[in-house]
Amino acid sequence: MATVETPAPRTAAYGRFGRGFLVVAGLLVLWGLSAWIYQLTQGLIATGMRDVVSWGLYIFTFAFLVGLSAGGLIVASAAEAFGVKSLKPLARFGVLTAAACVLVAAMIIIPDLGNAQRIWEIFRYPNWTSPLVWDILIILAYFVFAVVDLTVMSRRDIGRTTRAKWLRILAYVGLPMAVLLHSITAWIFGLQISRPWWNTALMAPLFVTSAILSGTALVALAALAAQRFDRLKVGEETWRALAVLMATTIAIDLFLVACDYITILWGNVPRERAALDHVLPGGSWQAVFWLEWIVGGLVPFVLLVTPSLRRRFWVFGLASALVLVGVYAFRIELVVGGLLTPLLHLPPGIALGEYRPGQSSFEVFGVYHPTWVEYAIVTGVLVFLSLLIVLGYRWLRIGRQDEELA
């Protein structure tokens, strides 16, 4: 694969673009903050979540961000632990995205709790048998680790030999920590024996595979943007390694999902089929199936394995973006599909938690549509993530300093 071709940056034009980006991003973050304040005054009734579908946009965004974070550190640690030299130019990018994503993932939990004061109760009255508690602890430890790793990579006063030694040690610690981070998140779903759609041993492997896939795609997009709008130079071997890694993990990810589908369809247990039927073609949430399998699966796979296509800047960027769409669709499929069928679906159903004049206040099957509040908060959080990555890139002088530290 030839180096991804990009036009030479025009400093003045891109300076104006950068200032415009910061202004628009700041406004979107303020919009999200305003929506959160509104939710605090109204309660969770301002969202589309109810007793049946009690997890929504916040939770599948949380699971998506945790995956991005774990994948970013896996890419960075693999460069040191396994000596993958082609990935070393993007090691700091990987750790930067890992730290930013896990921080933002922790932030998105706050609006889902409804009352921010409940965060303290998690630490004051922890339930050590719950994977939720362990997930919060691993998130905190992971963020601290990513900051330490990034500091060692960026310090100029550390000798080359000493830095190489510490980076090797941190890589051996970081890889299992990244796998554990997303495995514990997966066990939040997989250990719920009452939910057949979630209760599968494949959940952790699925989450880890999709984490490597989405984390690699995010690092690739960040590198493409830096190469297009700044002076970052990424060599031929690095682009080839990213393309191979993404194409391989797409195939593995879809294979694991297909195994889960086949097991449920072959068994044909009504309770298990009820959850799957919501997301298969013809179901009420079939859009996520097409987004996962076609838009975010087969299309980017073809783009990445075709040398004449993937060497184009916009094609590589499109493939990476579609990968993120596909992984996000899987999170939607998992969370909403698993909750739409209540554990007890006998009349009159489960209370909605609100009075609706002229309509039933109960429902037998779940319905979920995010409200503007959820969209605004999630948009603000994701834009804040992009700000962290952009400002972190500038502050750490990624690209330029990498040459000095090489």
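So, on to the overall build of the chain. When helices and strands are tallied, the chain shows 14 helices and 2 strands. For a compact globule of 406 residues, the expected C-alpha radius of gyration is about 22 Å, and the chain comes in at 22 Å, within 12% of that figure. Classification of the 406 residues of the chain by burial places 50% in the buried group. Relative to all contacts within the chain whose residues are 6 or more apart in sequence, the contacts with residues 24 or more apart total 78%.

With that settled, the discussion passes to the side chain of Thr216. Here Thr216 lies in helix 7 (residues 203-229). For Thr216, a relative accessible area of 1% puts it in the buried group. One polar contact links the side chain of Thr216 to the main-chain carbonyl oxygen of Ile212, over a distance of 2.6 Å. Residue contacts for Thr216: discarding those within four places in its chain leaves Val75, Leu242, Leu245 and Met246.

This paragraph deals with the packing of aromatic side chains. Evaluated as defined, the whole model comprises 16 aromatic pairs. A ring pair is formed by Phe189 and Trp198, whose centres lie 5.0 Å apart and whose planes are at 90 degrees; its orientation type is edge-to-face. Residues Tyr261 and Phe289 carry aromatic rings whose centres are separated by 6.3 Å and whose planes lie at 20 degrees to one another, so their mutual orientation is stacked. Of this pair, Tyr261 sits in helix 8 (residues 236-267) while Phe289 is found in helix 10 (residues 286-305), placing the two residues 28 residues apart along the sequence. The two residues Tyr261 and Phe289 agree in class, both being buried. Among the aromatic residues, those joined into a cluster by ring pairs are Trp55, Phe189, Trp198, Phe207 and Phe330. If you follow Arg195 out to its NZ or CZ, it ends over the ring of Trp198, 5.8 Å from the centre. A cation sits over an aromatic face here: Arg331 above Phe207, 4.6 Å from the ring centre.

We now examine the pattern of salt bridges. Evaluated as defined, the whole model comprises 3 salt bridges. Taking the shortest distance from any N to any O, the salt bridge between Arg240 and Glu237 comes out at 2.6 Å. Placement of the pair is Arg240 and Glu237 together in helix 8, with a separation of 3 residues, close to one helical turn. Residue Arg240 is classed as partly exposed on the basis of its relative accessible area, which comes to 23%. One salt bridge in this structure joins Arg273 and Asp277, with 3.1 Å as the shortest N-O distance. Highlighted residues: Arg273 and Asp277, both in helix 9 (residues 270-277), separated by 4 residues, approximately one helical turn.

Another point: helix 7. Counted at 1.5 Å a residue, the expected span for helix 7 with its 27 residues is 39 Å, and the 38 Å between its end C-alpha atoms agrees. Along helix 7, 23 of the 27 residues are buried, which leaves the element largely enclosed by surrounding structure.

To continue, consider the confidence of the model for the chain. Of the residues in the chain, 93% have a pLDDT of 70 or more, and the chain-wide mean is 87. Highest mean pLDDT in the chain belongs to helix 10 (95); lowest belongs to helix 14 (residues 400-405) (50).

On to the packing of helix 7 against helix 8, then. Where helix 7 meets helix 8, the axes come as close as 9 Å, and the angle between the chain directions of the two elements is 150 degrees. When the axis of helix 7 is compared with that of helix 8, the two are roughly antiparallel. Here the hand of the crossing between helix 7 and helix 8 comes out left-handed. On the side of helix 7, the interface is formed by Pro205, Leu206, Thr209, Ser210, Ile212, Leu213, Thr216, Ala217, Ala220, Ala223, Leu224 and Gln227, while helix 8 contributes Trp239, Leu242, Leu245, Met246, Thr249, Ile250, Ile252, Asp253, Leu256 and Val257. Across the contact of helix 7 with helix 8, the residue classes tally to 16 nonpolar, 5 polar and 1 charged.

What counts, and at which threshold
- Residues numbered from 1 in each chain as written.
- Predicted model: local features only at pLDDT ≥ 70, side-chain atom pairs only at ≥ 80, totals over all residues.
- Heavy atoms only, no water.
- Helix = DSSP H or I, 4+ residues; strand = E, 2+ residues; numbered from the N terminus.
- Rg over C-alpha atoms; globule rule 2.2 N^0.38 Å.
- Buried < 20%, exposed > 50% of the residue type's maximum accessible area, 1.4 Å probe, protein only.
- Contact = heavy atoms within 4.5 Å.
- Polar contact = N/O pair within 3.5 Å; in protein donor to acceptor, adjacent residues only side chain to side chain.
- Phe/Tyr/Trp six-rings, centres within 6.5 Å; stacked < 30°, edge-to-face > 60°.
- Lys NZ or Arg CZ within 6 Å of the ring centre and 35° of its normal.
- Salt bridge = Lys/Arg side-chain N within 4 Å of Asp/Glu carboxyl O.
- Expected span 1.5 Å × (residues − 1).
- pLDDT = per-residue confidence, 0-100.
- Axes fitted to C-alpha atoms, helices over the stretch in contact; angles between N-to-C directions.
- Parallel < 35°, antiparallel > 145°, perpendicular 65-115°, else oblique.
- Left-handed = near helix turned anticlockwise from the far one by under 90°.
- Nonpolar A, V, L, I, M, F, W, Y, C, P; charged D, E, K, R; others polar.

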